[in-house]
Structures are given as structure tokens and as C-alpha cells.
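The primary structure of each chain is shown beneath.
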Amino acid sequence: MPEHTLILEASQILTCPGGSAPRRGKAMSDVGLLEDGAVAIRNGKVEAVGSQEGLRDRFPEAERIDLGGHVLTPGLVDSHTHAVFGRYRLDEYELRSAGVPYMEIARRGGGINASVRDLREHSESELVELGHARLRRMLEHGTTTAEVKSGYGLNPEDELKMLRVIQELAKEEWIDLVPTFLGAHAFPPEYRERREEYVDLVVREMIPAVAESGLAVFCDVFMEPGVYTPEQTRRVLEAAVQHGLVPRLHADEFESSGGAELAAEFEAASADHLGAISEAGIAALASSGTVATLLPGTLLFLGKTYYPPARRLIDAGAAVALATDFNPGSSPTVNLQVVMSLACSQLGMSPAEAFVAATANGAAGLRLADGRGTLEPGAPADVAAFDVPDYRLVPYLYGSNHCAAVWKRGVRAH
Ligand code: NIG
Ligand code: FE
């Protein structure tokens, strides 16, 4: 492994400057665009970014890589995924095509609970095997760090099984994984008529066991009318905080129920979805440290005709991130580039804002404090190269994978 490399001949370099803090408002437009630039990498970290001439002179001994006119950016950070699961849900896809809504399928016992029944039947090693292939596809699309949630186990044993699968995958794959406990993703079939008892189980048994295991950083809840109520969500998040897990929240996905406000109140790392966020919710996120994580791929795939108010969020001063929500029910894509396309075409975000949202702000939403999501000196050298001469072509030429190469901590991983 070469310890010192100099990446040259990029048409553009995006450094996404600003350290580990969330970018808000106008700062979201600053991609730190560099033409005729180079990146020096030493021992897995970005050592310097500057003019090609300057860095060639400064580091004559470094191994040189010619990028051939591609765009170089920080590795993408996918801050919301459900990447561990068993089978795809093609039967539901057909039902939805025929007009049955996602939440109606869930009420009939399908949806998340279809994946729960399926996951419980899979062994840990089968799930690891399935996970490998999926994480490699994420990496091939430019993602170098991803959050992964539990939430298809919904009992103490299978939730811990999922978290161990995430840990195992993190050990073996290039991509960095950030684990989230999502025991409050749905109510499992055996608790269908005893919802409060399931919340008791999450609060009294699962959260302490997960915290004790050290297998999760965050705790998430699917707060939505028909799923977790604000009161139930509050109970889960209070227990999470007590046990040292950091809250994040599925909030206001289809109907507004005060999710964004609750996330801000709990100083959650992120409030995610926000398709139906209220004015009060926008104001709450704008004046909080909670990152508004938008998942437009989900709404596209579910056939919805509305999108979260990204423009109003950014203009109000909220920090916006973009993620895939990769899961077998509502968003089976691993491609964060196509999510950026949706952000530009449907959410009114600029290509620059979309890149910041898919890199630095994704990292901020995962509370990563090491400079990931940027190409600033000292940051891990997680770098993606795209086979286009202008970064705006990545969302513009939508639907394809433009990622030509990935370096993870300075090592060529794809
Ligand atoms: O973020 N909204 C809740 N959870 C997931 C869907 C998971 C599933 O349908 O399996 C989401 O869209
Ligand atoms: Fe989700």
C-alpha cells in the first residue's frame, strides 16, 4: 500500500469545506470548487489540497495518480439506510402499482412486518452474506460511509442479531458503517393488539441490552400516525438518552404529527423524511442542531406526488442532508447520485447544495467529527471520482452510476 499519493489531473475537485459542523443556509452552496487542483494523501488521511503545480513541487516523491479529467469529491455519506434485510418485497411492489398505498399494505400486516417475518427466518451468516453484496454496490456508487438501522427483528434476540450483522459487515467491508437501533420501527405481529406492552419491551429490555452490547450509536423511532405516537416516541427516546444512545427520528414522512419539533426538542442528530413537515417543524429544525435528512427516493418509489420543502428548510437556515433510505419496501436504491438528481429536479436544490447534503451534511447528521464528508487536510482520505468533467453532470445525467473509482482511507477500494 503506497503511503503517500498525489491525485492529479482532476477536472474539478470539491472539498466541501467547513469541518464537521452542519452547513446551513448559504453555506450549503459552498462546495470549495478547485480547478487545476491536486490532493495529497498520506497514511490514509488528506494531507493537502491545492494547485497541481504547488503540490507537485512540494511532494516530488509521492506516487502519482492521473485522474484523466474526472471530478473528485469526498466519498458520499449515506446517513439513512436499512441495508440489512432478507428478500425483496416484489409482491407489494405489484400491489402498489395497482394502487394500494404503502400504509394500507402495512395495516394489512405486510410492509415492514413482511420483512420482520422474513428476517427472523434468516441466520446471521445468511444476512451477512446478503449484506456484503449490497454494501459493495453502495461503494461502487461512491458511498464510503453509511448508517445502517436494525428494525426488522422487533424482538430482543433478532434486533441484537441485526446489530451483530452490521458489526460483522463493518469489520469486513471497505465502507464504514454507523449502527442505529430501530426497535421502534413497527409493532411486531405478536404485539399487534398490545402496543404499550411492546413499548415497555423496547424501553425496559431492548434499549438496556443494546446499550450494554455497545452495538449501536443511535436510537431511531418511526413516529407517524398509525405507527408510533408522539407519547410512545417520547418514552423510547427518553430511555435511549438515559442509556447513552443518541436520538434520530423518522419524522413527518406522510402526515405531520410534530415529528420535526420532537426531534429538535430531543436534540436529535437528525429528523428524517419530512415529506409533511409543518411550518413550526421547519422553524424548530432551523433553530436546532438537528440535521433535516431528506429521502426523496422514497417518495418517488412510493408514487407520491409531493416532496419535502428543501428550499424552505435551507432558506430558513436548517442544515439539509440527502440519503437513499435503502430498504426493500419503500426505497430499494443504493444510488445517492440519483437522489441528488431528485433533489435538483424536484426539491429545488442546486447541484452544489445536493453535493454538500450528500457528503458533509450527511456526516454531520451522523455526528462524525473526523472531517469525513470533506477533503480538508486531516480528514480520512475517503474519495470518490466521477467520470464527468463537471460536478453538475453527476445529478444532471440522472439514473446512471458515474462513480469511476473510490479510495477508502487512502486505499483504492473500487
Ligand atoms: O424509512 N418509514 C419507515 N421505514 C422505512 C421503510 C422500511 C420498509 O418499508 O421496510 C422508511 O421508508
Ligand atoms: Fe427509513
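Reading the values: the criteria
- Residues numbered from 1 in each chain as written.
- Chains lettered and ligands numbered in written order.
- Predicted model: local features only at pLDDT ≥ 70, side-chain atom pairs only at ≥ 80, totals over all residues.
- Heavy atoms only, no water.
- Helix = DSSP H or I, 4+ residues; strand = E, 2+ residues; numbered from the N terminus.
- Phe/Tyr/Trp six-rings, centres within 6.5 Å; stacked < 30°, edge-to-face > 60°.
- Buried < 20%, exposed > 50% of the residue type's maximum accessible area, 1.4 Å probe, protein only.
- Domains from an automatic or database assignment.
- Contact = heavy atoms within 4.5 Å.
- Buried area = accessible area lost by both parts, 1.4 Å probe.
- Core = buried A, V, L, I, M, F, W, Y, C linked by side-chain atoms within 4.5 Å.
- Pairing = 2+ DSSP bridges.
- Right-handed = clockwise from strand over helix to strand, strands pointing away.
- Donors = N, O, S within 2.8 Å, 3.2 Å for Na, K, Ca; no water.
- Near = heavy atom within 4 Å.
- Polar contact = N/O pair within 3.5 Å; in protein donor to acceptor, adjacent residues only side chain to side chain.
- Areas by Shrake-Rupley, 256 points an atom, 1.4 Å probe, with all protein chains shown as cover.

**A few points about the environment of glutamate 121**
Next up, step 1: The residue glutamate 121 is located in helix α4 (residues 112–121) in this model.
Next up, step 2: When the C-alpha positions of glutamate 121 and glycine 244 are compared, they lie 31 Å apart, and in sequence the two are 123 residues distant.

**Some points on the packing of aromatic side chains**
Next up, step 1: Evaluated as defined, the whole model comprises 9 aromatic pairs.
Next up, step 2: With a centroid separation of 6.0 Å and 75° between ring planes, the pair formed by phenylalanine 187 and tyrosine 198 is classed as edge-to-face. Linking phenylalanine 187 in the loop between β10 (176–184) and α7 (195–213) with tyrosine 198 in helix α7, this pair joins segments that are 11 residues apart in sequence. Like phenylalanine 187, the residue tyrosine 198 is buried in the burial classification.
Next up, step 3: Summarising the aromatic geometry, the rings of tyrosine 191 and tyrosine 198 are spaced 5.4 Å apart at their centres and angled 55° between planes, so their arrangement reads as tilted.
Next up, step 4: Assessed through its relative accessible area of 16%, tyrosine 191 is described here as buried.
Next up, step 5: Members of the aromatic cluster, each reached through a chain of ring pairs, are Phe187, Tyr191, Tyr198 and Tyr228.

**Some words on the domain arrangement of the protein chain**
Next up, step 1: Considered domain by domain, the protein chain is made up of domain 1 (5–74 + 371–412) and domain 2 (77–365).
Next up, step 2: Measuring from the centre of the C-alpha atoms in domain 1 to the corresponding centre in domain 2 gives 29 Å.
Next up, step 3: Taken residue by residue, the interface counts 35 residues in domain 1 and 37 residues in domain 2.
Next up, step 4: Buried area between domain 1 and domain 2, both sides added, is near 2700 Å², and the carbon and sulfur share of it is 65%.

**Side note on the nonpolar core**
Next up, step 1: With 107 residues, the main nonpolar core has Leu274, Leu285, Leu313 and Met349 as its most contacted residues.
Next up, step 2: In terms of residue count, the dominant contributor to this core is α7 (8 residues).
Next up, step 3: Here this core spans two domains, and each of domain 1 (5–74 + 371–412) and domain 2 (77–365) adds at least three residues to it.
Next up, step 4: Residues within four places of methionine 349 in sequence aside, it is in contact with Met28, Ala310, Arg311, Ile314, Val320, Leu322, Ala343, Cys344, Ala354 and Ala357.

**Focus: the pairing of strand β13 (residues 270–273)**
Next up, step 1: When strand β12 (residues 246–251) meets β13, the two strands line up parallel, connected through 3 bridges. In the sheet register, histidine 250 faces β13, and the bridge partner there is aspartate 272.
Next up, step 2: Taken together, β12, helix α9 (residues 259–265) and β13 constitute a β-α-β crossover, and its handedness is right-handed.
Next up, step 3: Bridge count for β13 against strand β14 (residues 291–294) is 3 bridges, and the pairing is parallel. Bridge assignment links aspartate 272 to a residue of β14, and that residue is threonine 293.
Next up, step 4: One crossover worth recording links β13 to the parallel β14 by way of helix α10 (residues 279–286), and it is right-handed.

**Side note on the coordination of the iron ion (ligand 2)**
Under ideal tetrahedral coordination, the four donors around a metal are separated by 109.5 degrees; under ideal octahedral coordination, the six donors are separated by 90 or 180 degrees.
Next up, step 1: Only His80 (NE2), His82 (NE2), His250 (NE2) and Asp325 (OD) from the protein coordinate the iron ion (ligand 2), and they sit 2.1 to 2.6 Å from it.
Next up, step 2: Going along the chain, you hit the donors of the iron ion (ligand 2) in the pattern H-x1-H-x167-H-x74-D. One end of the pair, histidine 82, is in the loop between β8 (76–78) and α2 (90–97); the other, aspartate 325, is in the loop between β15 (320–322) and α13 (336–346), with 243 residues separating them in the sequence.

**Notes on the environment of serine 29**
Next up, step 1: Counting through the fold element by element, serine 29 comes out in the loop between β2 (12–14) and β3 (33–34).
Next up, step 2: The sequence separation of serine 29 and isoleucine 314 amounts to 285 residues, and the corresponding C-alpha distance is 10 Å.

**Observations regarding the site of ligand 1**
Next up, step 1: Neighbouring residues of ligand 1: 16 residues in total, closest Tyr102, Tyr152, Glu253, Asp325 and Ser330.
Next up, step 2: Take histidine 82: an N or O atom from its side chain is 3.4 Å from an oxygen atom of ligand 1.
Next up, step 3: Within the side chain of serine 330, an N or O atom sits 2.6 Å from an oxygen atom of ligand 1.
Next up, step 4: Here ligand 1, which alone exposes 330 Å², has 100% of that area covered by the protein.

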